[in-house]
Amino acid sequence: MLEFLTRQSLSLILLSYALIMVLLTDQLHSVMIIFGLLCALWRVAVFTGRVALLNKLITNIFTLICSALVIALVYQQGMLSILVHLVVLGFSLKFLELKSVRDVHFFVNTGFVLVALFLVFNQSMLMAGIAMVSTLLLLTILLSLHAKALANYQQVKLLSKAVLLSIPLAVVLFVVLPRLPSMWKMPLQNKATTGLSDSVSPGSIAELSQSSELAFRASFDGNIPATATRYWRFLTLDQFDGKTWTQSSQLKYQEQQVKIGKGPIFNRGSLQYQSENTRASTQSAATKENSYQIIIEPHYKHYLPSLDFAKATAGRVLLSDYSLRTLKPVFKRQAFRIDQFNQVDQILQSPQSLKQSLQLPTGGNPKTKAWIATQQASGLDSYSILEQLLAKFNQENFRYTLQPALLGEQQIDDFLFTSQAGFCVHYASTYLYVARALNVPARMVTGYLGGELDSDSEFLSVRQYDAHAWVEIWKNEQWQRVDPTAYVAPERVEQGIMQGLDDQSEFLSGQYLSIHRWQANPFLNQLRSAFAKADYLWAVWVINYDNEKQFQLLQNLLKGLPWLNLSILILLLLLSAASILILWVFKPWQTEKVPSEDRLFNKLYQKSTQQHLIREKGQTIADYCHALSQLKAAEPQPLIDFAKLYNQIKFKPNLSATQRKTLLVELSELQKKISKQF
């Protein structure tokens, strides 16, 4: 077969394919990437004449086999992952049948679909720019095929002109078109994401703190709280097996209720689970201290960061541990507005929940228990012993590090009396163990601490390396926060993780290309700040541009046009949209010709409706004629003959014009005969 692709076209096809595969690397199984590379190399071999194109039968069989293998390979990752892999499979297999311009059109259109899928998973400004480059490459492929007579610079000029002309139209449509709800539900994938998990062991958050990925951004209506008070709550862990802290069955039940869209009963309205005595002693109306907007990165869970204290609003649930949840998982870059209060109505702690906060595994850590016994023998009460533990952290040779030594079976003993070096989880876990051993209810809270303020103090960027763990103890009939890390490395709490480390080379160790590692460089810091601000504005005004922002923006734009108000503008847009819809549906410039056999049946149907027999939805002509014959309003045989003749005219293949005309005459005579009988 004569090769229709030019070297330029094939090079552009390979380049665009490679870029799209790179974009989707995080979503694809490594086998798919290797398979795609082999398909591309095979097409290059076809172009150079080393091999021949496969015939259609072999290609189809190969496609079916590959589809089955791909589904089996990624079945456990969820429906969305299966769909992505199948589209990528079709994109790769298209190399096997690039035989005509039409095949290239299919290839390019599939590329557009994959770029759109990439934007489902990545919504940052940088990723959007890379997706735009991929789109331009796909358009360039079409130019190389359909504008071969033009020189390369002329093709670039034509493409640039088309893009520049489309930008104003795209901006106008983006600004004025209403944000309608999705017509379908995006299937969620079973995706492991970077972020806090529902279990914590010493070292786990230290590993997370080696990631500079963005967790969320926050902007405040009022004053931005001090760094040392910005404890962003995510999860509460109250079950300990000697090594790992997890959620108890009670908290897991609440999380499960959120997932099915119910939420705990106590969350409906303000929290009411208080005794009258407790209410009387603490009753002072909760006042709103601040409001802030969270723009959170997709993590495919229901977690929503919040400062103490938040209240539940529409679409959100406040759990009994004051953690905030969304009713729908966060699968895209999404904005949430949260009100911060100085307090919330306390939930009456049941004996069972307080008992859970005292749970410890039996046995183990004899040195720690001996130390506790020594303190008790000196006459100290439980809370005083906990103060002694914090003083021990502060005064002895404990240090804060991201690279602590491995602990043995007796984790608390090893840390407290041997290594004395660890991350926030080590200190929080030790403090929790001692508190529970002293019969003081306590629980671990994981989340983020601090956040980096941008140069103009407009918003905070909270990254994965800001992950933190602290403790809450039950004291004076309420939960009170205690952060043991503050007694070892106060700089971590007041300034940030990098400042809290004795050895700052531990920060993002191994990520030498990360711009966040080189925070001491003024130029890189300025560049990082500028990009963060641009990305923040992108998230606010593009990703989260909703109907409310649209309404406010249009109102501001219309202030200079007193004769045109928002109502008139919306009315004009609606009338224009309705006119376009009517023209598109009815197409008055087109006249649809009804086939002769259908016209004859319609005449018969008009007569038959007089006998009160209405044709049911989906009922065939043969079934209708049979039902009509049962009424004995006409002879059955003509009706049966009419149905057979109609189907012959309608569906018999290779019917000549003469044969069709003859059959139509017979059908017309039958129609007249039956109508007379009616």
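Calculation notes
- Along each chain, residue indices are assigned from 1 in the same order as the chain's sequence is written.
- Under the rules for a predicted model, residues below a pLDDT of 70 receive no local features and side-chain atom pairs below 80 are neither given nor counted, while totals for whole chains, interfaces and linings still include all residues.
- Each side-chain value is worked out from all heavy atoms of the structure, with water and hydrogens disregarded.
- Patch building starts from residues that exceed 30% relative accessible area and form no salt bridge, then joins like charges within 9 Å and nonpolar side chains (Val, Leu, Ile, Met, Phe, Trp, Tyr) within 5 Å.
- Residue burial considers only the protein chains on display, and all accessible areas are found by Shrake-Rupley using a 1.4 Å probe.
- Here, a salt bridge means any side-chain nitrogen of Lys or Arg that lies within 4 Å of a carboxyl oxygen of Asp or Glu.
- Only four residue types enter the charge count, namely Lys and Arg as positive and Asp and Glu as negative; His and the chain termini do not.
- We put the charge of a Lys on NZ, of an Arg on CZ, of an Asp on CG and of a Glu on CD.
- The helix and strand labels rest on DSSP assignments: H or I over at least four residues marks a helix, E over at least two residues marks a strand, and numbering proceeds from the N terminus.
- Helix axes are fitted only over the stretch in contact, all axes being lines through C-alpha atoms; the angle between N-to-C directions runs from 0 to 180 degrees.
- With respect to orientation, any angle under 35 degrees is reported as roughly parallel, any angle over 145 as roughly antiparallel, any angle of 65 to 115 as roughly perpendicular, and every other angle as oblique.
- Crossing handedness: left-handed means the near helix sits turned counterclockwise from the far one by under a right angle, and right-handed means the same turn made clockwise.
- Residues count as neighbours in contact if any of their non-hydrogen atoms are within 4.5 Å of one another.
- Residues are sorted three ways: Asp, Glu, Lys and Arg are charged, Ala, Val, Leu, Ile, Met, Phe, Trp, Tyr, Cys and Pro are nonpolar, and all the rest, Gly among them, are polar.
- The span you would expect from a helix comes to 1.5 Å times its residue count less one.
- Any residue under 20% of the maximum accessible area for its type is buried, any over 50% is exposed, and the rest in between are partly exposed; the area is computed with a 1.4 Å probe on protein chains only.
- One bridge is not enough; two strands pair if DSSP finds at least two bridges between them.

Caption draft 1: Summary view of a negative patch on the surface. Together, Glu 491, Glu 494, Asp 502 and Asp 503 give the surface a local cluster of negative charge. Along the chain, Glu 491 turns up in helix H17 (residues 490-494).

Caption draft 2: Molecular detail of the packing of helix H24 (residues 636-651) against helix H25 (residues 657-677). Contact geometry of H24 with H25 gives a least axis separation of 10 Å together with a crossing angle of 150°. The angle between the axes of H24 and H25 places the two elements in the roughly antiparallel class. H25 is crossed by H24, and the crossing has left-handed handedness. Of H25, the residues touching H24 (which contributes Pro 638, Leu 639, Asp 641, Phe 642, Leu 645, Tyr 646, Gln 648 and Ile 649) are Arg 660, Leu 663, Leu 664, Glu 666, Leu 667, Leu 670, Gln 671, Lys 673, Ile 674 and Gln 677. Of the residues that constitute the contact of H24 with H25, the class distribution is 11 nonpolar, three polar and four charged.

Caption draft 3: Looking closely at helix H2 (residues 30-47). Helix length check: H2, at 18 residues, gives a terminal C-alpha distance of 26 Å against a target of 26 Å (1.5 Å per residue), a fit within 8%. Those residues of H2 that are buried lie in contact with helix H1 (7-23), helix H3 (56-74) and helix H4 (79-93). Count one or two residues on from H2 and you reach Gly 49, which has phi positive near 85°.

Caption draft 4: Main features of the pairing of strand S3 (residues 231-237). For S3, the tally of buried residues reaches seven of seven residues, placing the bulk of the element in the interior. Here S3 runs beside strand S13 (residues 442-449); their pairing, made up of six bridges, is antiparallel. Paired with Leu 237 across the two strands is Met 444, which belongs to S13.

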